[in-house]
2 protein chains.
Amino acid sequence: MTSPAPLDDRVGAMLRALAEPRRRAILRLVATTERAAGEIAAEFEVSRTAVSQHLTVLKESGLIAERREGTRRLYRARREAVRELQAALDGIWSDALDRARALVEEEK
Amino acid sequence: MTSPAPLDDRVGAMLRALAEPRRRAILRLVATTERAAGEIAAEFEVSRTAVSQHLTVLKESGLIAERREGTRRLYRARREAVRELQAALDGIWSDALDRARALVEEEK
DNA sequence: CGCTAACGTTAGCATCTACTGACAGAATGC
DNA sequence: GCATTCTGTCAGTAGATGCTAACGTTAGCG
């Protein structure tokens, strides 16, 4: 499978990451342009520490990827991860249908 | 517009609602079958109070709809809301592209 | 009206979380 | 080597959140 970790765990991690407005803003910032941590932090009025922690959460959720270049760390959004999340949202219904079908099967 | 409240607010509300595992489970429960609050609560090992609060959060986010029938309250998932959320996730990139285009425009 | 069933609401509590400030580490320039 | 730049990590704190228990509310029945 393509899942090193259980699917719902990763989906949950992404949703928790996206639940925070500032993290959504960061994700939008690195959606098309790869940016360094400092550049990202400069866009907001919170400490670099806070932004760094947000970047860690986003990275662990799989929503962004990190690349090192000298002392800098460049971040970019991983659109594949978002597509996986969107598919998982569809799965709310397909899974439910699967369970409904299973119930029908039991009644036979 | 189709948005009584700002788009990002509603998207944020949905993401915050979905960030909680139990709320995702509840949403799956009412994805295909309309269910009463008591039925839903019976599926989990937490108090009905807790489930009621989760239902409130889901309802305020727009992810589920409520229908009253006697003393009972029936809930069902609103797939349109999920589709709106999925579209908003795509918007992370299209918005970024819009801003990129605007910057190009400024440089002229 | 009294009684019951099905819910929501409030208060209070334990835990999580986003934040700041101080410190630590790795790569580059002098 | 030493200083500088860019960044992550740790400790501590104020506020948000999910939970339980007790109380309020509405609809139906005798």
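Quick note: structure is the one above.
Residues numbered from 1 in each chain as written. Chains lettered and ligands numbered in written order. Predicted model: local features only at pLDDT ≥ 70, side-chain atom pairs only at ≥ 80, totals over all residues.

### A word on the interface of chain B and chain A
Worth spelling out the cut-off: For the purpose of contact definition, each residue receives a C-beta atom placed from its backbone, and two residues are in contact when these atoms lie within 7 Å. Counting from the N terminus, the helices are DSSP H or I runs at least four residues long and the strands are E runs at least two residues long. Asp, Glu, Lys and Arg are counted as charged, while Ala, Val, Leu, Ile, Met, Phe, Trp, Tyr, Cys and Pro are counted as nonpolar; the rest, among them Gly, fall into the polar class.
Listed by partner, the interface residues are 21 residues for chain B and 21 residues for chain A. Broken down by element, the side of chain B that touches chain A gets its largest block of residues, eleven residues, from helix α5 (residues 79–106) of chain B. Each residue belonging to the side of chain B that touches chain A can be placed in one class, and the counts come to 14 nonpolar, three polar and four charged.

### Observations concerning the protein's contact with DNA strand C
To be explicit about the condition: To decide whether a residue is near a molecule or strand, its C-beta atom is placed from the backbone and checked for lying within 6 Å of it.
Taken together, 20 residues form the shell around DNA strand C, and within it Ser-47 of chain A together with Ala-36, Ala-37, Gly-38 and Arg-72 of chain B come nearest. The set of elements that each furnish at least two residues to the surface near DNA strand C consists of α4 (48–61) of chain A together with α3 (37–42), α4 (48–61) and β3 (72–77) of chain B. Residue composition of the surface near DNA strand C, grouped by class: five nonpolar, eleven polar and four charged.

### Details of the protein's contact with DNA strand D
The full set close to DNA strand D counts 22 residues, and Ala-36, Gly-38 and Ser-52 of chain A together with Val-46 and Ser-47 of chain B are the nearest of them. For the surface near DNA strand D, the element with the most residues is α4 of chain A, which contributes five residues. Along the lines of polarity and charge, the residues of the surface near DNA strand D split into five nonpolar, eleven polar and six charged.

### Describing the pairing of strand β3 (residues 72–77) of chain A
Along any regular strand the residues' side chains alternate between the sheet's two faces. Residues and elements named next belong to chain A. Note the cut-off: Two strands are counted as paired when DSSP detects at least two bridges linking them.
Where strand β1 (residues 35–36) and β3 come together, two bridges link them in antiparallel fashion. The residue bridging Arg-35 from the neighbouring strand is Tyr-75, located in β3. As paired strands, strand β2 (residues 64–69) and β3 are joined by six bridges and run antiparallel to one another. Note on β3: the bridge partner recorded for Glu-66 is Tyr-75. Joining the antiparallel neighbours β2 and β3 is a turn of two residues, in which Gly-70 adopts a positive phi near 65 degrees.

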